[in-house]
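What follows is each chain in one-letter form.
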Amino acid sequence: MTGKLVIIGTGPGNPDQMTPQALAAIGAGEQFFGYGPYLDRLELRPNQTRVASDNRQEIDRARAALDAASKGASVCVVSGGDPGVFAMAAAICEAVETGPETWRRLDIMVLPGVTAMLAVAARAGAPLGHDFCAISLSDNLKPWELIERRLRAVAQAGLVIALYNPISRARPWQLATAFKILREVLPVSTPVIFGRAVGRPDERFAVVPLGEADGQPADMATCVIIGSAETRIIARPGLDPLVYSPRGVEI
Ligand code: SAH
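Just so we're clear, the structure is a prediction, and the values are computed from it rather than from any experiment.

A. How the structure looks around the site of the ligand. Contacts to the ligand come from 20 residues, most closely from D82, V85, T115, M220 and T222. Here D82 contributes a backbone N or O atom positioned 2.8 Å from an oxygen atom of the ligand. Out of a free accessible area of 550 Å², the ligand has 93% covered by protein chains. By residue class, the composition of the shell around the ligand is 12 nonpolar, six polar and two charged. For the shell around the ligand, the domains that each give at least three residues are domain 1 (4-110) and domain 2 (116-244).

The structure is reproduced here in structure tokens:
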């Protein structure tokens, strides 16, 4: 019997932001693999089994899920946000590429979800209205020097930047260093958006100018969006400002 593996994006944390397609796949799954807190967000029936693992064990989790699927189970691998953005879909692909031939015959499907930067951008207005990029500040899988080079290059290119994994326990200075590098390239008035746990009850949201931005308001549940020189703030009495990047750039 050939098993099935579905890689599901559960969105930023608000159940209303999960797609009907993801919900249906969760209802049909037998075995669920994922980081514990992501599995906790699902309403599983007693006959649906959970295999929770630590945040950093992605490749081991991917292999265990592929192994279960190759034994005939209907397996769901769960990621927060979108599973293709700094998450499990790439880990599964890496495991398939280096794993046994049988894994290449599995029915593998990736179901998209609302990724963190889209949830934070929607909360702020339209900061991703023009060209943008996403960078993970985690140096678990790439050297910090490369992150610094990329930050300089994309800021110089005029892209709005969404930063994932802004702070790590091992390296709490990364975000402040990123702001320092960006201040060398961008105006100090550039808007910086801190969106924490957006869509969840413990959400926090703030907009500050790059000149005043430090790592303080961010933690591992925060996605930081740094505007380009074009990004604008519309102040509104009694309401959060609207932050947006105009759709066009004048030459
Ligand atoms: N696959 C996920 C990202 C995983 S990396 C996605 O598509 O969203 C984990 C990082 O995502 C966190 O460090 C944080 O930067 C961001 N993140 C995840 N959920 C978030 C939320 N609800 N609000 C703000 N940032 C979030």
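B. The arrangement of the nonpolar core in detail. Core analysis: the largest hydrophobic core is formed by 24 residues, its most contacted members being L151, L163, L175 and F179. Secondary structure elements with two or more residues in this core: β7 (132-136), α6 (144-156), β8 (160-164), α7 (174-183), β9 (191-196) and β11 (222-226). Apart from residues no more than four positions distant in its own chain, F179 is found in contact with V192, F194, L210, A213, D214, G215, V224 and I226. Residues L5, F33, A73 and M88 belong to the second largest nonpolar core, which totals 19 residues.

C. Spotlight on the sheet that holds β8. Taken in spatial order, the five strands make up an open sheet running β7-β8-β11-β9-β10, and their pairing is mixed. Edge positions in the sheet fall to β7 and β10 (204-209), since each has one partner strand and no second. When strand polarity is set aside, the average angle formed by the axes of neighbouring strands in this sheet is 15°. Relative to β11, β8 runs antiparallel, the two sharing three bridges. Bridging across to β11, L163 finds its partner in V224. Strands β7, β8, β9, β10 and β11 of the sheet are contacted by helix α5 (residues 116-124), whose axis makes an angle of about 65° with β11. Relative to the sheet, α7 contacts β8, β9 and β11, its axis offset from that of β11 by approximately 5°.

D. Here's a closer look at the pattern of salt bridges. Per the stated rule, a full pass over the model turns up nine salt bridges. Across the pair D40 and R50 runs a salt bridge whose closest N-O atoms are separated by 3.0 Å. Taken together, the residues D40 in helix α2 (residues 36-40) and R50 in strand β3 (residues 49-53) connect sequence positions 10 residues apart. The class of D40 is exposed, set by a relative accessible area of 52%. By sharing partners, the salt bridges in this structure join R123, E203 and D240 into a single network.

Calculation criteria
Residues numbered from 1 in each chain as written. Predicted model: local features only at pLDDT ≥ 70, side-chain atom pairs only at ≥ 80, totals over all residues. Heavy atoms only, no water. Near = heavy atom within 4 Å. Polar contact = N/O pair within 3.5 Å; in protein donor to acceptor, adjacent residues only side chain to side chain. Areas by Shrake-Rupley, 256 points an atom, 1.4 Å probe, with all protein chains shown as cover. Nonpolar A, V, L, I, M, F, W, Y, C, P; charged D, E, K, R; others polar. Domains from an automatic or database assignment. Core = buried A, V, L, I, M, F, W, Y, C linked by side-chain atoms within 4.5 Å. Buried < 20%, exposed > 50% of the residue type's maximum accessible area, 1.4 Å probe, protein only. Helix = DSSP H or I, 4+ residues; strand = E, 2+ residues; numbered from the N terminus. Contact = heavy atoms within 4.5 Å. Pairing = 2+ DSSP bridges. Axes fitted to C-alpha atoms, helices over the stretch in contact; angles between N-to-C directions. Salt bridge = Lys/Arg side-chain N within 4 Å of Asp/Glu carboxyl O.

Nothing here speaks to function; it is all geometry.
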